[in-house]
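Each chain is listed here by its residues.
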Amino acid sequence: MIRSKFQRVVKFLGSMIMANIGVFISWGLITLLVIPEGFFHNEALESLADSMVKYLFPLIISIKGGNMVSGYRGGIIAAVATMGLIVGTDTVIVMIIGAMIVGPLSAYIIKTFDKVMENRIPAGFEMLVNNFSIGTIGMVLAIMGFIIISPLTFGLLSALKNIKEFIVSKGLIPAIFIVSIVVVIIFIRMLSIDKGSKEAIEGEKEDFEVNEAENNEIKKIVFACDAGMGSSAMGATKFRKRIKSLGLNIEVTNSSVDSIPQDADLVISHINLVERAKRNSPHTEHIFIEDFLSDNKIDKLFERLEDNMLKGLKQKLQIKNILNDTDEKNNLPILSESNIILGLESEGKEDAIKRAGELLVKGGYVNENYVDAMLERERVISTYIGMGVAIPHGIGEAKRNIKASGIVVLQYPEGIDFGEELAYLVIGIAGVGDEHLEILSNIAISLEDIELVDKLNKTRDKKEILEVFKK
């Protein structure tokens, strides 16, 4: 565990340097030409080489570190914070070491801020919040770099220098040399063990990659526009709130079309940006639209995500039938005859959902606030699943109002209008934790037979419904 963490840290710090080797080479060539011993000595150009060391080196190192932590925004705020560090010292090594600390740290702070503000920014204010957050947090970090980080880094380097002088003065160099040799041997041994381990699990890794490809699971959706701040930010905010009702673990963010994150699974951009989007993210699925706020392709994407969720429900419960269980904490049956009402007269969709919610409240499964959550869920997207069945339920924050897992079944022989379809069975659901997924899965499995569903739509015996769901 400690070894792997150490290796990740070393690799991260090394990446900040290795990614900028070309810049160091450029500086080296310029220096070789303009120094007094160079081919074309020039005092003015010599100042260029000095400025590159003082400003360019720490900035590019810091920006790379910030970019690895939090993308473009991480790189920008890292640059702002590092300027405070640069101005706070005249020692180049302090600047460079400090930049390797300040860059990732600044990016982590802005990443945390963005995470906290996710789903809290009103649509249309994304650009304002994004820019002012960079400005204010960057200001604070730049001042801290000037006042705190620079002196701390200088103090650390001074301490290391004192340790070196102590070792030299005490004649401990041979002992240190022996220790260094031992450390090198151990490190090489670690590398050989890692290589052997990788070879041993190569087959397992290949299997995992195959399964991952088969699942084709979307984890990150990026809305990309020209600047990455205006229309794409508004589109991302709107879609993020929309899919929240599905309870999916999908990150929805926005970026410039020229800096699409490498871990994006799906990119949504304007039709005028086709070439740039594909060039900057060639191996990612793309959707090209005309309007970030209202486009039928976005609606189809939502339907696709919803379908994937419903298809996945059947895979969530293949070990047991949770509808036969009793909630152990509250000693309530998840489904009983008292939870079923037959032969109801047709009424409005919202009235039916409210009736189902009130029956869950009466049964002791939920608080009254859960009823409002069921209605809100329906306003976002219909809970009609086909074959004359609707499954109104609350998700997300509504789970706080659930006392125990349970379902209720309302039968409407004449049907209820659920948009373009009629629902004959309205099944209200409340699931503790992820149990709503298991309940939905069992219902989907139980109602696969359309003839059976037609029978349940007209039955006058509650036991028939119980037997179907509990079989």
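Residues numbered from 1 in each chain as written. Predicted model: local features only at pLDDT ≥ 70, side-chain atom pairs only at ≥ 80, totals over all residues. Heavy atoms only, no water.

Formally: UniProt positions are given in the numbering used here, feature names are shortened, and annotations may be inferred rather than shown by experiment.
The name given to the protein in an unreviewed UniProt entry is Mannitol-specific phosphotransferase enzyme IIA component, with the source organism recorded as Clostridium tertium. Under Function (unreviewed entry), UniProt gives the following word-for-word description of the protein: "The phosphoenolpyruvate-dependent sugar phosphotransferase system (sugar PTS), a major carbohydrate active transport system, catalyzes the phosphorylation of incoming sugar substrates concomitantly with their translocation across the cell membrane. The enzyme II CmtAB PTS system is involved in D-mannitol transport."

**Quick word on the nonpolar core**
Here is the rule: Only buried residues count toward a nonpolar core. Its members are Ala, Val, Leu, Ile, Met, Phe, Trp, Tyr and Cys residues joined through side-chain atoms within 4.5 Å. Summary of the burial criterion: residues with accessible area below 20% of their type's maximum are buried, those above 50% are exposed, and those between are partly exposed, where the area comes from a 1.4 Å probe applied to protein chains only. Contacts are residue-level and defined by heavy atoms, with any inter-residue pair within 4.5 Å sufficient.
In this structure, Leu360, Val366, Tyr370, Leu410, Tyr412, Phe418 and Val426 are the most contacted members of the largest nonpolar core, which totals 26 residues. Residue contacts for valine 366: discarding those within four places in its chain leaves Gly357, Leu360, Val361, Asn401, Ile402, Lys403 and Ala430. By size, the runner-up hydrophobic cluster in this structure holds 21 residues, among which are Ile218, Leu266, Ile287 and Ile289.

**Topic: the sheet that holds strand β9 (residues 389-390)**
Put simply, the test is: Two strands qualify as a pair provided that DSSP identifies no fewer than 2 bridges between them. A helix here means a DSSP run of H or I that spans at least four residues, while a strand means a run of E at least two residues long, and both kinds are numbered starting from the N terminus. A fitted line through C-alpha atoms serves as each axis, taken over the contacting stretch for helices, and the angle formed by two N-to-C directions is quoted from 0 to 180°.
The strand order across the open sheet formed by 5 strands is β7-β10-β11-β9-β8, and the pairing between neighbours is mixed. Each edge of the open sheet carries a strand with a single partner, namely β7 (340-341) and β8 (384-386). Of the strand pairs in this sheet, β8 and β9 are connected by 2 bridges, and their pairing is antiparallel. Note on β9: the bridge partner recorded for glycine 386 is valine 389. Packed on one face of the sheet, helix α11 (residues 349-362) meets β7, β10 (406-418) and β11 (421-430) and runs near 160° to β10.

**Regarding the packing of aromatic side chains**
Aromatic rings considered in pairs are described by the distance between their centres and by the relative angle of their planes. To be explicit about the condition: Note on ring pairs: Phe, Tyr and Trp rings are taken, using the six-membered ring of Trp, and paired if centres are within 6.5 Å. Classes follow the plane angle, with under 30 degrees stacked, over 60 edge-to-face and the rest tilted. For a ring to carry a charge above it, either NZ of a lysine or CZ of an arginine must fall within 6 Å of the ring centroid while also lying within 35 degrees of the normal to the ring plane.
All chains considered together, the criterion is met by 4 aromatic pairs. Taking the centre distance of 5.6 Å and the plane angle of 75° together, the rings of tryptophan 27 and phenylalanine 57 count as edge-to-face. Of this pair, tryptophan 27 sits in helix α2 (residues 21-34) while phenylalanine 57 sits in helix α3 (residues 43-87), placing them 30 residues apart in sequence. Since its relative accessible area comes to 7%, phenylalanine 57 is described here as buried. Between phenylalanine 223 and phenylalanine 239, the aromatic rings sit 5.9 Å apart at their centres with planes inclined by 50°, giving tilted as the arrangement. With a gap of 16 residues between them, phenylalanine 223 in strand β1 (residues 220-225) and phenylalanine 239 in helix α8 (residues 231-243) connect regions that are remote in the sequence. For the pair phenylalanine 223 and phenylalanine 239, one class covers both residues: buried. Taken together through their ring pairs, the aromatic side chains of Phe24, Trp27 and Phe57 make up a single cluster. Here arginine 242 stacks its cationic end above the ring of phenylalanine 302, 4.5 Å away from the centre of that ring.

**Quick notes on the layout of surface pockets**
The condition is simple: Cavity: a set of points on a 1 Å grid over the protein atoms alone where a 1.4 Å probe fits but cannot get out. Pocket: an open set with protein on both sides within 12 Å along at least five of seven lines, its lining residues, like those of a cavity, having an atom within 4 Å of a point. Grid points are joined across faces, edges and corners, and a volume is the space filled by probe spheres set on the points. Three classes are used, and their members are as follows: Ala, Val, Leu, Ile, Met, Phe, Trp, Tyr, Cys and Pro are nonpolar, Asp, Glu, Lys and Arg are charged, and the others, Gly among them, are polar.
A volume near 1200 Å³ is recorded for the largest pocket. Around the largest pocket, the lining comprises 41 residues; the ones closest to its centre are Ser70, Arg73, Asp114, Thr253 and Asn254. Listed by contribution, the elements that provide at least two residues to the lining of the largest pocket are α3, α4 (92-117), α5 (126-169), α8 and β2 (251-256). Partitioning the lining of the largest pocket into residue classes produces 14 nonpolar, 15 polar and 12 charged.

**Observations regarding the packing of α11 against helix α12 (residues 369-380)**
Going by this rule: Note on convention: the crossing is left-handed when the near helix lies turned anticlockwise from the far helix by less than a right angle, right-handed when the turn is clockwise.
In the contact formed by α11 and α12, the axes pass within 9 Å of each other and the chain directions differ by 145°. Judged by the twist between their axes, the crossing of α11 over α12 is right-handed. On α12, the residues touching Lys349, Glu350, Ile353, Lys354, Ala356, Gly357, Glu358, Leu360 and Val361 of α11 are Tyr370, Val371, Met374, Leu375, Glu378 and Arg379. Along the lines of polarity and charge, the residues of the contact of α11 with α12 split into 8 nonpolar, 1 polar and 6 charged.

**Description of the sheet that holds strand β4 (residues 285-289)**
One open sheet accounts for 4 strands, arranged β2-β1-β3-β4; its pairing is parallel. A single partner strand is all that each edge strand has here, and the edge strands are β2 and β4. On average, each strand axis in the sheet is inclined to that of its neighbour by 25°, with strand direction left out of account. With 6 bridges joining them, β1 and β2 adopt parallel strand pairing. Among the inter-strand pairings, valine 222 is bridged to a residue of β2, identified as threonine 253. Against the sheet, α8 contacts β1 and β2, and its axis sits at roughly 175° relative to β2.

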